[in-house]
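The primary structure of each chain is shown beneath.
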Amino acid sequence: MSLTAKDKDTVKAFWSKICSRADDIGGDALSRMLVVYPQTKTYFAHWKDLSPGSAPVMKHGRTVMGGVNTAVGLIDDLTTGLLTLSELHAFNLRVDPANFKILSHCILVVMAIQFPNDFSPEVHVAMDKFLAALARALAEKYR
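Numbers given for residues are sequential positions, taken from 1 along each chain in its written order. Only residues with pLDDT of at least 70 get local features here, since the model is predicted, and only at 80 or more are side-chain atom pairs given and counted; chain-wide, interface and lining totals rely on the full set of residues. Heavy atoms throughout the structure, all of them, feed into the side-chain values; hydrogens and water do not.

Any chance you could explain the overall build of the chain here in plain terms?
Numbering of helices and strands runs from the N terminus; a helix is a DSSP stretch of H or I covering at least four residues, while a strand is a stretch of E covering at least two. When helices and strands are tallied, the chain shows seven helices and zero strands. Helices and strands in the chain line up, N terminus first, as α-α-α-α-α-α-α. Here the radius of gyration uses the C-alpha set of atoms, whereas the globule reference equals 2.2 Å times the residue count to the power 0.38. Its C-alpha radius of gyration of 14 Å places the chain within 12% of the 15 Å reference for a compact globule of 143 residues. In terms of principal-axis extent, the alpha carbons of the chain reach across some 40 × 35 × 20 Å. The cut-offs for exposure are 20% and 50% of the maximum accessible area for each residue type, with area from a 1.4 Å probe on protein chains only; residues under the lower value are buried, those over the upper are exposed, and the others partly exposed. Residues counted as buried form 43% of the 143 residues belonging to the chain. The contact definition used throughout considers only heavy atoms, calling two residues in contact when any of these lie within 4.5 Å. Partitioning the contacts of the chain with sequence separation of at least 6, the portion at a separation of at least 24 is 75%. Only the protein chains shown count as cover for residues, and all accessible areas are computed by the Shrake-Rupley method using a 1.4 Å probe. Summed over its atoms, the accessible surface of the chain is roughly 7700 Å², and 55% of this surface lies on carbon and sulfur atoms. This count recognises Lys and Arg as positive and Asp and Glu as negative, with His and chain-terminal groups excluded. To locate a charge, take NZ of a lysine, CZ of an arginine, CG of an aspartate or CD of a glutamate. Each charge sign in the chain was given a centre, from 16 positive and 14 negative side chains, and these centres are 4 Å apart.

Looking at this model, I keep getting lost on the side chain of Asn99. Mind explaining?
By the element assignment, Asn99 lies in helix H6 (residues 98-114). Not counting residues up to four positions away in its chain, the partners in contact with Asn99 are Thr40 and Tyr43.

Got a minute to help me understand the pattern of salt bridges in this structure?
By convention in these notes, a salt bridge is any Lys or Arg side-chain nitrogen within 4 Å of a carboxyl oxygen on Asp or Glu. Taken as a whole, this structure holds three salt bridges when the rule is applied. For Asp7, the salt bridge is made with Lys129, and the minimal N-O distance between the two is 2.5 Å. Of this pair, Asp7 sits in helix H1 (residues 5-18) while Lys129 sits in helix H7 (residues 121-138), and the two are 122 residues apart along the sequence. Each member of the pair Asp7 and Lys129 is classed as buried. Asp118 is paired through a salt bridge with Lys17; the nearest N and O atoms lie 3.4 Å apart. On the criterion of sequence distance, the pair formed by Asp118 in the loop between H6 and H7 and Lys17 in helix H1 is long-range, its members being 101 residues apart.

Even after reading the chapter, I still don't get H6, so can you show me in this structure?
Given 3.6 residues to a turn, an α-helix orients residues that are three or four positions apart in the same direction. Taking 1.5 Å of rise per residue, 17 residues should cover 24 Å, and H6 covers 25 Å from first to last C-alpha, within 8% of that figure. Buried within H6 are the following residues: Asn99, Phe100, Ile102, Leu103, Ser104, Cys106, Ile107, Leu108, Val110, Met111 and Gln114. The span you would expect from a helix comes to 1.5 Å times its residue count less one.

Okay, here's the thing in structure tokens:
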């Protein structure tokens, strides 16, 4: 499922509307992931507080959405553009790549909740395809 030129334009346009709230989206999505998919907590066992909205969760949510922001800018070549992040997650952090899909889903849910008037079916499909492509790019070094 590749991104069409229209998908890319849709992602960029939607992102320009929501990027000022990216930190909130990230914190909310990560909080949701840790509650709905408790198995993901194993990667954050070193944090003192894994509760929704806690300082470490919100900080990492900002980090994640900073990566999404970078990916929007690299939308034409995610695999090459995100190679360093892929290597970090594969070799240093050793994150199960299935978790990228889980977090992508949580990001979609939060975007739909926070931007109901802008999250049209067309935006939904474009963002879903973009986040899937982003997850595949992050999983590249696992192959």
